[in-house]
Every structure is written in C-alpha cells, then in structure tokens.
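Understanding the architecture of this molecule
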Amino acid sequence: MSCRDFPRIKTVRAYVSKASEGDQGADCHDVNDEHWINGYPTPVANQMSMYELYQPFRKSWGINALGSLVVEVEAEDGSTGVGVTVGGEPGCYIVEKHLSRFIEGQDPRNVELIYDQMFRSTLNYGRKGLPIQAISAVDLALWDLLGKIRNEPVYAMIGGKTKERLPVYSTTSRPDLAKQFGFVGAKIPCPYGPSAGNEGLKKNIEFYKGWREKVGDEFPLSLDCYMALTVPYATRLANELEPYGLKWMEEFLPPDDYEGYAQVRENLRGSKVLLTTGEHEYNRYGFDRLIHSRCVDILQPDITWLGGITEARRVVSMAAAHDTMIIPHGSSVYSYHLQYAFTNCPVAEYINMSPKGDKIVPYFGGLFPDEPLPADGFIDLPDRSGFGVTLCRKTLNRPYERSAEESKKNAERNKNYKGPKTAHMPF
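Keep in mind that what you see is a predicted model, and the values were worked out from it rather than measured. (Residues numbered from 1 in each chain as written. Predicted model: local features only at pLDDT ≥ 70, side-chain atom pairs only at ≥ 80, totals over all residues. Heavy atoms only, no water.)

1. A look at the overall build of the protein
Tallying secondary structure elements over the protein gives twelve helices and 13 strands in all. Rg of the C-alpha trace for the protein: 22 Å, near the compact-globule value of 22 Å for 427 residues, within the 12% margin. Summarising its shape, the C-alpha atoms of the protein cover approximately 70 × 50 × 45 Å along the three principal directions. Considering the protein as a whole, with its 427 residues, one finds that 58% of them fall into the buried category. Excluding contacts between residues fewer than 6 apart, the proportion of contacts in the protein whose partners are at least 24 apart in sequence is 72%. As displayed, the protein offers around 18000 Å² of accessible surface, 50% of which is attributable to carbon and sulfur atoms. (Helix = DSSP H or I, 4+ residues; strand = E, 2+ residues; numbered from the N terminus. Rg over C-alpha atoms; globule rule 2.2 N^0.38 Å. Buried < 20%, exposed > 50% of the residue type's maximum accessible area, 1.4 Å probe, protein only. Contact = heavy atoms within 4.5 Å. Areas by Shrake-Rupley, 256 points an atom, 1.4 Å probe, with all protein chains shown as cover.)

Next up, the structure:
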C-alpha cells in the first residue's frame, strides 16, 4: 500500500457497555457490592472515608457512576480500532458531539495532530478528568486502527520490544494467592484513613503485618492508599511499616497536592519505602511537576485516562530523563504494549477483578473475550495486530448516534483541507 492510498478515517462511534451485573467492563469499580475492591469485607480507605455515610462501600458515593466508554474508529477500508476508558454517556457525548470533527476524514497516522486538536479544543472545560479520558479512548482506538491497517502490534510501532517478557505484580485482597499464582509481588489496599483515628492507624499496621507474615519476608508487598491520607499520617504510616518490608506506598495524598508529596518525600529521607503516585494525574503538564520535583520514585499513569498512548509515551520519555520508573495503573493491554516498548517500565500491574481475589480473570470483564492474562509471573502478548484484542459487541449501546451524512460532512472538511497557500514565519 502506498502512502497515497492509506485509508482515511470514515467515522467514529462512542458506546456505553450495558453488561450484566458484575461485569465491570472498562470501569474496574463497577462491580457487585460484595467485591473486595468495593470494600467488602475489609474497608478500602479513600477520599470519602471521612464521611460516615459513605464509609462502608466505595460504590455508595458513586465511584462507578459513569461506567464504561468504548470508542471505535472505522477507516474507509473497513478496518476498525477500539479504545476504552471510563466516562459512560457523558464521555459518549463529548466524543460524538465535539471530538468527532477532528477525527473523521483524517489520516489515522496523524495521531499527534489529532491529539493536539482534541486537547486544545477542550481546554476551556477539560485538561483533566472526563474530557481527557474521552480523548484517551479516541487515541487508543487510533493506535489500534493503525496497527490493524499496518498489520503490526502497537508496541512495534512505538519502538519495538525492549524486553522479551514483562513481569507482573498483582493488586489484590489476597496477596498469599498472588504469590501462589506466580506474581512477582502484590499490593493491598489500606483499610483506614486519618478519620479513623489512632485506632484506625493501629488496625492498618496490624493489617499489613498480618499479610507480611502470610507471604513471608522476601515477597514484595506494597500498600495502596487511594488519595486517603494526609502528610503527617502518611509519614507516620510509612515509618511504622518500613520494618515490615513495605515496598512502596501509593497515592497517599490527593493528586493535586504536589507540595504535600514533596513534604512526605522530605520527611522520609533515608527511608527504604518507595513513594508512588500518578493514577489520577492527567496529561504531561501534571506529570512534569511530579517528575521535576522528584517527590516520588515511581509514576503510575493509567493509559486509558491520561491521554492514551500518544500522551503516555511523552510522559515515559520525560520520566526516563530523570531516572523515574513508570509502572502504569491497570489498563491491561493498553499498558502492556507501552511497557514492552520502553526500558523504564520494568513491571506491569494486574488488578485482580475476581470478587474474592482468588481467580485470574480479564481486567476489562467481558469487553474483550481474548484479553491476554498473566501466567507464571509474566504477561506475554500474542502476535496480533493493534492491541491484539477483539471487541464483544453484544453489550454495546450508542446513545448519541449520528447519521452517516454528519460523519461525511466532518470527513470532507478534513480531507479537502490542503494547508496554507503562503509560507510565513510561524512565530
């Protein structure tokens, strides 16, 4: 295929997934009430733990309110690419009613152009959160489409493999089973926040100590604090758990408290406990602050949230210049392809989505029946084009469906634009 006849993007479609109860799709928190990630039977500390009404279960305050967003881009030759994120119907509206104008009719190889136009056009209401998540799903769908057209896996298009096999750790309620499954380490949720007082702190220490005794001294064991702590509390908790081999303490402050992260880093100078964050950071500007302040040892962007592969590869490159590791949050195949292509992405995360943490199940539920699963401590990617997974369409609903004529109008505008006629100094 010559460059001249490379297929353009015909249309973009945005769906919600109306799956059966317990099939979380792209939203890892859209689960049954009696699921460990929802705080059953052991609480999971979070930013709402201070409010008694919303303490028992995370779903009570709406962590799963938006649900899954699935974006599909289709090229003129019938090839399709798929990206997912959270965002539900509001995300569908953004993709269909706003972002589609920058996508349809474009050459799918122009991922940088499409990303920049989507990002700039949403600055007045975006920059972080839902708009960036919607952009992420589009970007991932574009990379998937490119891989399908070129018949290459995504990792091959962004640099190729830097490692033959990618080791995996597990986020779970059962680190003892994670060890049995062969994972290289485990991460458990912190049960109590500062509002539980000194008694809650003692319970956190006993909780961690109990699991340390079960998995042994040599098995890496970390603690996920999900934006729940304060600077003094995080400092004390890390100091209390260091003797028990705490590998890292994750996302212990709200994501915008950059000075707080720097203060905890200063408070823990000389500690062996690694500090991590980034799950709820969005785009390169927020990560730039974290990287240059050196307030954490590991950054954990979610590839389906921060801006997709296009933005993630910038963040990974920025971090590499400062010897900062990237260990993405969840995001399954989207993370795996990125991590295979960069040297400073040494290990992957697998969030165990079985209700009791006792089975290896797909992270995205039933969205991708052929989603690759970790085995014996590694995630090995199949030799397939794009991200290598097949979308199950049975549960999809398109709430803001547009006509073929609307897509064609967008496409013609982009296809007919030939650039400026007169050259001038651009600054």
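From this point, the discussion proceeds with the structure in view.
2. As for the environment of Pro 56
Tracing the backbone shows Pro 56 in the loop between strand E1 (9-17) and strand E2 (68-75). Those residues in contact with Pro 56 that sit more than four places away from it in its chain are Asn 38 and Gly 39.

3. Brief notes about the packing of helix H7 (residues 231-241) against helix H8 (residues 258-267)
At a minimum axis separation of 10 Å, H7 and H8 run at an interaxial angle of 35°. For H7 against H8, the interelement crossing comes out right-handed. Contact residues: Val 231, Ala 234 and Thr 235 in H7; Gly 260, Gln 263, Val 264 and Asn 267 in H8. For the contact of H7 with H8, the class distribution of residues is three nonpolar, four polar and no charged. (Axes fitted to C-alpha atoms, helices over the stretch in contact; angles between N-to-C directions. Left-handed = near helix turned anticlockwise from the far one by under 90°. Nonpolar A, V, L, I, M, F, W, Y, C, P; charged D, E, K, R; others polar.)

4. A look at helix H6 (residues 197-215)
Taking 1.5 Å as the rise per residue, H6 with 19 residues should run 27 Å; its terminal C-alpha atoms sit 28 Å apart, in good agreement. Along H6, the residues that are buried comprise Gly 200, Leu 201, Asn 204, Ile 205, Phe 207, Tyr 208, Lys 209, Gly 210, Trp 211, Arg 212 and Val 215. Tucked into the core, H6 has its buried residues touching helix H5 (175-181), strand E5 (186-189), strand E6 (221-224), H7 and strand E7 (246-250). After H6 finishes, the residue Gly 216 shows a positive phi value of roughly 90°. (Expected span 1.5 Å × (residues − 1).)

5. Concerning the side chain of Thr 172
Secondary-structure assignment places Thr 172 in the loop between strand E4 (166-171) and H5. Not counting residues up to four positions away in its chain, the partners in contact with Thr 172 are Trp 36, Ala 178, Ala 186, Lys 187, Ile 188, Pro 189, Asn 352 and Gly 357.

6. Points about H8
Working note: α-helix, 3.6 residues per turn, so residues spaced by three or four point in the same direction. Where H8 is concerned, the buried positions are Tyr 258, Gly 260, Tyr 261, Val 264 and Arg 265. Each buried residue of H8 lies within a common arc of 165° when the element is viewed along its axis, so the set occupies one face. Structurally, H8 contributes buried residues whose contacts are with H7, strand E8 (274-277) and helix H9 (283-293). (Arc of directions from axis to C-beta.)

7. Quick notes on the nonpolar core
Counting residues in each nonpolar core, the largest one holds 120 residues, and the members touching the most others are Phe 252 and Tyr 334. The leading source of residues in this core is helix H3 (residues 130-150), at twelve residues. Excluding its chain neighbours within four sequence positions, the residues that come into contact with Phe 252 are Cys 225, Met 227, Ala 228, Leu 229, Thr 230, Ala 234, Tyr 261, Val 264, Leu 275 and Thr 276. Counting residues in hydrophobic clusters, the runner-up holds five residues, among them Trp 248, Ile 298, Ile 327 and Val 347. (Core = buried A, V, L, I, M, F, W, Y, C linked by side-chain atoms within 4.5 Å.)

8. Things to note about the pattern of salt bridges
As enumerated under the stated definition, the model contains 26 salt bridges in all. Between Arg 402 and Glu 104 there is a salt bridge; the shortest N-O distance is 2.7 Å. Of this pair, Arg 402 sits in the loop between strand E13 (396-397) and helix H12 (404-416) while Glu 104 sits in the loop between helix H1 (88-103) and helix H2 (111-121), and the two are 298 residues apart along the sequence. Judged by its relative accessible area of 8%, Arg 402 is buried. With a closest N to O distance of 2.8 Å, Asp 116 and Arg 120 form a salt bridge. One end of the pair, Asp 116, and the other, Arg 120, are both in helix H2, four residues apart, so they sit about a helical turn from each other. (Salt bridge = Lys/Arg side-chain N within 4 Å of Asp/Glu carboxyl O.)

9. A word on the state of the cysteines
As used here, a disulfide is simply a covalent bond connecting the sulfur atoms of two cysteines. Considering all chains together, one arrives at zero disulfides under this definition. Looking at the unpaired Cys 295, the closest cysteine sulfur is the one in Cys 225, lying at 15 Å. A relative accessible area of 0% means that Cys 295 is categorised as buried. With no disulfide of its own, Cys 392 has Cys 92 as its nearest cysteine by sulfur position, at a separation of 16 Å. (Disulfide = S-S within 2.5 Å.)

10. Some details on the sheet that holds strand E3 (residues 80-86)
Strand pairing in a sheet relies on backbone hydrogen bonds. The paired strands run either parallel or antiparallel. One open sheet holds the four strands; their spatial order is E3-E2-E1-E13, and the pairing between them is antiparallel. At either margin of the open sheet sits one strand with a lone partner, and together these are E3 and E13. As paired strands, E1 and E13 are joined by two bridges and run antiparallel to one another. Its bridge partner being in E13, Val 16 is matched across the sheet by Asn 397. The sheet contacts of H1 involve E1, E2 and E3, and relative to E1 the element is tilted by about 175°. (Pairing = 2+ DSSP bridges.)

11. Some points on the packing of aromatic side chains
Within the structure shown, the criterion is met by eleven aromatic pairs. With a centroid separation of 6.2 Å and an interplanar angle of 25°, the aromatic rings of Phe 119 and Tyr 285 are classed as stacked. Taken together, the residues Phe 119 in helix H2 and Tyr 285 in helix H9 connect sequence positions 166 residues apart. Given the relative accessible area of 7%, Phe 119 is considered buried. Between Tyr 155 and Tyr 340, the ring centres sit 6.2 Å apart and the planes meet at 40°, which makes this aromatic pair tilted. Remark: Tyr 340 occurs in helix H11 (residues 332-341) and Tyr 155 occurs in helix H4 (residues 154-157); sequence separation between them is 185 residues. Chaining the aromatic ring pairs together yields one cluster made of Tyr 334, Tyr 363, Phe 364, Phe 368 and Phe 387. Positioned over the ring face of Tyr 340 is Lys 161, at 5.0 Å from the centre of the ring. (Phe/Tyr/Trp six-rings, centres within 6.5 Å; stacked < 30°, edge-to-face > 60°. Lys NZ or Arg CZ within 6 Å of the ring centre and 35° of its normal.)

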